[in-house]
Amino acid sequence: MKKGKISLLILLVMTAVAVVLLGVFQGKQQAESTLEQESGPIPYMSTFQACADELGWDWETLAAVAWHESHFNPLARSHAGAAGVMQLMPKTAQRFGLNDSTKWVAEDNLRAGTEYIKYLQRQWAFISNSQEQTKFVLASYNAGAGNIFSARRVAREEGVNSYVWACVEPYVQQHQACTYVHQVLHTAQKYRKLYGEK
């Protein structure tokens, strides 16, 4: 009788563990499926790959920037006047070779956005850790390099490590830039899981 109760208890525990594991697996699949549905297949893949190589980034990070900027919509326009896949402001678009026609061409806009990111990389070149540099570049892409340099200066005056994004982040007044960095990196990680082995 005692053995029967123990066997039943073991069976119940194993069933509960199986149900939990199945739930975790299904939850993971659903989360990945949701991102894939939100972003759909990655468009402009060859351009993302070529441009990312120029930056020393993986294509997933560059694609994540475009996703959060425009959801890959080449005709996207913000209320502030940013345009195209990479949501470049008019002066920035012009500076990096776009005109009123080419700013709506996805591949051209993506290449100009890449040139802008290269420019930001040069500004942050003194940060030798590539992962940290990328965070500063992303924040600058979103809020402007001047704002991020100001936050870094305040952080340095406060005696914190101004070469590490997590230390500078609390001093950034443009809070959306901090959210943007986290979102882009999170989406890039999801892209790696979704597309990395395909």
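As a reminder, the structure under discussion sits directly above these lines.
Now for a look at the structure at hand. (Residues numbered from 1 in each chain as written. Predicted model: local features only at pLDDT ≥ 70, side-chain atom pairs only at ≥ 80, totals over all residues. Heavy atoms only, no water.)

## What about the overall build of the protein chain?
Part 1: What the protein chain contains, in helices and strands, is nine helices and zero strands.
Part 2: Listing the helices and strands of the protein chain from first to last along the sequence gives α-α-α-α-α-α-α-α-α.
Part 3: The burial tally for the protein chain puts 40% of its 198 residues in the buried class.
Part 4: Long-range pairs, those at least 24 residues apart, make up 56% of the contacts in the protein chain between residues at least 6 apart in sequence. (Helix = DSSP H or I, 4+ residues; strand = E, 2+ residues; numbered from the N terminus. Buried < 20%, exposed > 50% of the residue type's maximum accessible area, 1.4 Å probe, protein only. Contact = heavy atoms within 4.5 Å.)

## Remarks on the packing of aromatic side chains
Part 1: On inspection of all chains with the given rule, the structure shows 16 aromatic pairs.
Part 2: The interplanar angle of 20° and the centroid separation of 6.4 Å between the aromatic rings of Trp59 and Tyr191 together place this pair among those described as stacked. Here the residue Trp59 occupies a position in helix α3 (residues 59–70), and Tyr191 occupies one in helix α9 (residues 175–195), the gap between them amounting to 132 residues. Grouping residues by exposure puts Trp59 and Tyr191 together as buried. (Phe/Tyr/Trp six-rings, centres within 6.5 Å; stacked < 30°, edge-to-face > 60°.)

## Comments concerning the layout of surface pockets
Part 1: The space that makes up the largest pocket amounts to roughly 290 Å³.
Part 2: Around the largest pocket, the lining comprises 14 residues; the ones closest to its centre are Ala82, Gln87, Met89, Tyr141 and Asn142.
Part 3: Across the lining of the largest pocket, the residue classes tally to seven nonpolar, six polar and one charged.
Part 4: Taken as a whole, the second largest pocket encloses approximately 210 Å³ of empty space.
Part 5: Lining the second largest pocket we find 13 residues, and of these Trp57, Thr61, Ser130, Gln131 and Thr134 sit closest to its centre.
Part 6: Going through the elements one at a time, α6 (130–143) and α9 are the ones with two or more residues in the lining of the second largest pocket.
Part 7: Broken down by element, the lining of the second largest pocket gets its largest block of residues, four residues, from α6. (1 Å grid on protein atoms, 1.4 Å probe; cavity = no way out; pocket = protein on both sides within 12 Å on 5 of 7 lines; lining within 4 Å. Points joined across faces, edges and corners; volume = space filled by probe spheres on them. Nonpolar A, V, L, I, M, F, W, Y, C, P; charged D, E, K, R; others polar.)

## Some words on the packing of helix α2 (residues 45–55) against α3
When two helices pack together, you describe them by how their axes are tilted relative to each other and by the distance separating the axes.
Part 1: Running from amino to carboxyl end, α2 crosses α3 at an angle of 115°, the nearest separation of the two axes being 8 Å. What the angle tells us is that α2 and α3 run roughly perpendicular. The two elements α2 and α3 cross, and the hand of that crossing is right-handed. Along the contact surface, α2 presents Met45, Phe48, Gln49, Cys51, Ala52 and Leu55, while α3 presents Trp59, Leu62, Ala63 and Ala66.
Part 2: In terms of residue class, the contact of α2 with α3 is made up of nine nonpolar, one polar and no charged. (Axes fitted to C-alpha atoms, helices over the stretch in contact; angles between N-to-C directions. Parallel < 35°, antiparallel > 145°, perpendicular 65-115°, else oblique. Left-handed = near helix turned anticlockwise from the far one by under 90°.)

## A word on the pattern of salt bridges
Part 1: All told, the structure shown has six salt bridges when counted by the stated rule.
Part 2: Between Lys103 and Asp100 there is a salt bridge, with the nearest N and O atoms lying 3.7 Å from each other.
Part 3: For Lys103, a relative accessible area of 15% puts it in the buried group.
Part 4: Here Asp100 falls in the exposed class, since its relative accessible area comes to 63%.
Part 5: Ionic pairing is found between Glu132 and Lys135, a salt bridge with its closest N-O pair at 3.4 Å. With Glu132 and Lys135 both in helix α6 and three residues apart, the pair spans about one turn of that helix. (Salt bridge = Lys/Arg side-chain N within 4 Å of Asp/Glu carboxyl O.)

## Brief notes about the side chain of Glu60
Part 1: Note that Glu60 resides in helix α3.
Part 2: With no salt bridge to any partner, buried Glu60 finds its closest opposite charge in Arg192, at an N-O distance of 4.6 Å. (Lys, Arg positive; Asp, Glu negative; His and termini not counted.)

Interpretation note: all reported values are geometric properties and have no functional meaning in isolation.
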